[in-house]
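This is what each chain is made of:
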Amino acid sequence: MIQMFHVYKTVGNTTVLEDVSLQVDKGEFVFLLGPSGAGKSTVLRLIHFDEHPTQGWVRLENYNSSTIKSRHIPLLRRRVGMIFQDFKLLRDRNIFDNVAFALQVTGAKKAFMKRKVLQTLALVGLGHLRNMMPAQLSGGEQQRASIARALVNQPFALLADEPLGDLDKEAAFDILQLLRELNHQGTTVLMATHDTELVETLPYHCLRIEKGKIL
Ligand SMILES: Nc1ncnc2c1ncn2[C@@H]1O[C@H](COP(=O)(O)OP(=O)(O)OP(=O)(O)O)[C@@H](O)[C@H]1O
Ligand SMILES: [Mg+2]
């Protein structure tokens, strides 16, 4: 479960989030809808514990932002995978190594790592491109690779920050279908978007955020 409880986030003199409470249950697919500057990315970063709330708390499974020890934050991050509009793949290594990198930092054994990476690449339909460099792939394929990287530690949830933003219509549809399929298989998905039309066509729960407040 993902929970935010009366969260305020202030940066300098600016209030970025004001009294945000939300909950995403295990297995749900939830949209976080709002215009540019509304605070969507900030909400996702707080849930990933990249930032801390100024007031209030964030809970992720049994981890709470108000009590967590900093040495536990890497463990927590394996429980939630992040994906971004611009993929954030490492340009100087191939697709296999990009995904393997997320496992390496956990100290996984080599044989296990190889099996797990191949299995995850197959899951997102990218097994055949594993030796390619990111720049050799289409946007949709790069987004699949970044999803594989987010999934390789078997998180219970995926946080997606405008994951369709840089893709053409067809690739965006395919990535959305992949996220829906992963959700269908049990992964919780929280997806930030400003695309009102897209949100209206799908039967998922939608949290609206504007000027740092949940409506
Ligand atoms: N570190 C920071 N310093 C100053 N202002 C910040 C900081 N982080 C966020 N903000 C401000 O907080 C507001 C919300 O930012 P955020 O990136 O969360 O919005 P967003 O909904 O993701 O927008 P977009 O759709 O453009 O990505 C913005 O006005 C932004 O300028
Ligand atoms: Mg953003």
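Everything numeric here is computed off the predicted structure, so don't read it as measured data.

Participant: Would you explain the sheet that holds strand S1 (residues 2-11) in this entry?
Facilitator: Strand pairing in a sheet relies on backbone hydrogen bonds, with the paired strands running either antiparallel or parallel. Pairing is antiparallel across the open sheet formed by four strands, whose spatial order is S2-S1-S4-S5. Lying at the two open borders of the sheet, with one neighbouring strand each, are strand S2 (14-24) and strand S5 (63-64). As defined by bridge partners, S1 adjoins strand S4 (residues 55-60) across five bridges and the pair is classed as antiparallel. In the sheet register, Ile-2 faces S4, and the bridge partner there is Leu-60. Contacts from helix H1 (residues 40-47) reach S1, S2 and S4, with the element oriented near 120° to S1.

Participant: Looking at this structure, I do not really get the site of ligand 1. What am I missing?
Facilitator: By nearness alone, every residue bordering ligand 1 is listed as Val-11, Val-16, Pro-35, Ser-36, Gly-37, Ala-38, Gly-39, Lys-40, Ser-41, Thr-42 and Glu-162. Between ligand 1 and Gly-37 there is a distance of 2.8 Å, counted from an oxygen atom to a backbone nitrogen or oxygen. Taking Gly-39, its main chain carries an N or O atom lying 2.9 Å from an oxygen atom of ligand 1. Calculation on ligand 1 without its partners gives an accessible area of 630 Å², and the protein chains cover 57% of this total. The element that contributes the greatest number of residues to the shell around ligand 1 is H1, accounting for three residues. Of the residues that constitute the shell around ligand 1, the class distribution is four nonpolar, five polar and two charged.

Participant: For this particular structure, what's the right way to read the packing of aromatic side chains?
Facilitator: Centre distance and the angle of the planes are the two values used to describe a pair of aromatic rings. If you walk through the whole model with that rule in mind, you get four aromatic pairs. Ring geometry for Phe-29 against Tyr-204: centres 4.2 Å apart, planes inclined by 10°, an arrangement best described as stacked. On the criterion of sequence distance, the pair formed by Phe-29 in strand S3 (residues 29-33) and Tyr-204 in the loop between helix H7 (196-200) and strand S9 (205-210) is long-range, its members being 175 residues apart. Each residue in the set Phe-29, Phe-31 and Tyr-204 is aromatic and connected to the rest through ring pairs, giving one cluster.

Participant: I keep staring at the nonpolar core and nothing clicks. Help me out?
Facilitator: A general trend in soluble globular proteins is that nonpolar side chains are found buried together. Among the nonpolar cores identified, the biggest contains 41 residues, and Val-117, Leu-121, Ile-147, Leu-179 and Met-191 are the most heavily contacted of them. Taken together, the elements giving at least two residues each to this core come down to S3, helix H3 (95-104), helix H4 (110-123), helix H5 (139-151), strand S7 (157-161), helix H6 (169-184), strand S8 (188-193) and H7. With seven residues, the top contributor of residues to this core is H6. The contacts of Ile-147, once residues within four sequence positions are left out, are Ile-83, Val-124, Leu-158, Ile-175, Leu-178, Leu-179 and Leu-182. In terms of nonpolar packing, the next biggest core, distinct from the first, is built from 29 residues, Leu-17, Val-30, Ala-38 and Leu-60 among them.

Participant: Explain the pairing of S2 here, please?
Facilitator: Every other side chain in a regular strand lies on the same face of the sheet, so the side chains alternate between the two faces. Bridge analysis of S1 against S2 gives seven bridges, and the strand direction is antiparallel. When the bridges of S2 are listed, Gln-3 appears paired with Gln-23.

Participant: Which parts of the structure should I look at to understand the sheet that holds S8?
Facilitator: Taken in spatial order, the six strands of this open sheet run S6-S7-S8-S3-S9-S10, and their pairing is mixed. Of all strands in the sheet, those bounded by a partner on one side alone are strand S6 (80-84) and strand S10 (213-214). Bridge count for S6 against S7 is five bridges, and the pairing is parallel. When the sheet's bridge partners are listed, Phe-84 is paired in S7 with Asp-161. Against the sheet, H5 touches S6 and S7, its axis set at about 165° to S6. Each of S3, S6, S7 and S8 is contacted by H6, which is oriented at about 150° to S8, the strand it contacts most.

Participant: Explain H3 to me, please; I cannot follow it from the model alone.
Facilitator: One turn of the α-helix equals 3.6 residues, which is why residues spaced by three or four share an orientation. Most of H3 sits inside the fold, with seven of its ten residues counted as buried. Regarding H3, the residues found buried are Ile-95, Phe-96, Asn-98, Val-99, Ala-100, Ala-102 and Leu-103. For H3, the elements touching its buried residues are H4 and H5. N-capping of H3 is provided by Asn-94, with a side-chain oxygen placed 3.2 Å from the backbone N of Phe-96.

Here is what the cut-offs are and how they apply
- Residues numbered from 1 in each chain as written.
- Chains lettered and ligands numbered in written order.
- Predicted model: local features only at pLDDT ≥ 70, side-chain atom pairs only at ≥ 80, totals over all residues.
- Heavy atoms only, no water.
- Pairing = 2+ DSSP bridges.
- Helix = DSSP H or I, 4+ residues; strand = E, 2+ residues; numbered from the N terminus.
- Contact = heavy atoms within 4.5 Å.
- Axes fitted to C-alpha atoms, helices over the stretch in contact; angles between N-to-C directions.
- Near = heavy atom within 4 Å.
- Polar contact = N/O pair within 3.5 Å; in protein donor to acceptor, adjacent residues only side chain to side chain.
- Areas by Shrake-Rupley, 256 points an atom, 1.4 Å probe, with all protein chains shown as cover.
- Nonpolar A, V, L, I, M, F, W, Y, C, P; charged D, E, K, R; others polar.
- Phe/Tyr/Trp six-rings, centres within 6.5 Å; stacked < 30°, edge-to-face > 60°.
- Core = buried A, V, L, I, M, F, W, Y, C linked by side-chain atoms within 4.5 Å.
- Buried < 20%, exposed > 50% of the residue type's maximum accessible area, 1.4 Å probe, protein only.

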